[in-house]
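So you can see what is in the structure, the chains are spelled out below.
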Amino acid sequence: MTVVNRIALILNIIGGINWGLIGLFQFDLVAWICGGQDSVLARIIYSLVGLAAIWCISLLFRHDSVVKE
């Protein structure tokens, strides 16, 4: 797994946890940490999570072969 794929996976996990908290408890963890949904840092994190999700869509259609030594 490449570094970019790992970063995308971590960002998707963060986004998934945040959406789970929003759905279950109406609590936005990213906004709480960053000082609100309209803060620059929160918007950057939301954008990175969105870009990571788009990147992970491409992983569904890749055919990586495993090389046996």
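Residues numbered from 1 in each chain as written. Predicted model: local features only at pLDDT ≥ 70, side-chain atom pairs only at ≥ 80, totals over all residues. Heavy atoms only, no water.

Visitor: Describe the overall build of the protein chain, and please don't skip the residues or the numbers.
Guide: Within the protein chain, the regular secondary structure consists of 3 helices and 0 strands. The N-to-C order of helical and strand elements in the protein chain reads α-α-α. Against the 2.2 N^0.38 benchmark of 11 Å for 69 residues, the protein chain shows a C-alpha radius of gyration of 15 Å, more extended than a compact globule. Expressed as lengths along the three principal axes of its C-alpha atoms, the size of the protein chain is roughly 50 × 25 × 20 Å. When each of the 69 residues of the protein chain is scored for burial, the buried share is 19%. Relative to all contacts within the protein chain whose residues are 6 or more apart in sequence, the contacts with residues 24 or more apart total 45%. In the form shown here, the protein chain has an accessible surface area of approximately 5700 Å², with 70% of it arising from carbon and sulfur atoms. (Helix = DSSP H or I, 4+ residues; strand = E, 2+ residues; numbered from the N terminus. Rg over C-alpha atoms; globule rule 2.2 N^0.38 Å. Buried < 20%, exposed > 50% of the residue type's maximum accessible area, 1.4 Å probe, protein only. Contact = heavy atoms within 4.5 Å. Areas by Shrake-Rupley, 256 points an atom, 1.4 Å probe, with all protein chains shown as cover.)

Visitor: Please give an account of the side chain of Ser39 that cites residues and values.
Guide: Note that Ser39 resides in the loop between helix H2 (29-34) and helix H3 (40-60). Among the polar contacts listed, one links the side chain of Ser39 to the backbone nitrogen of Ala42, at a separation of 3.3 Å. (Polar contact = N/O pair within 3.5 Å; in protein donor to acceptor, adjacent residues only side chain to side chain.)

Visitor: So what's going on with the environment of Gln37? Residues and values would help.
Guide: Tracing the backbone shows Gln37 in the loop between H2 and H3. If near-sequence neighbours (up to four positions away) are discounted, Gln37 is found in contact with Asp28, Ala31, Ala42, Arg43 and Tyr46. In this structure the side chain of Gln37 is engaged in a polar contact, spanning 3.0 Å, whose partner is the side chain of Asp28.

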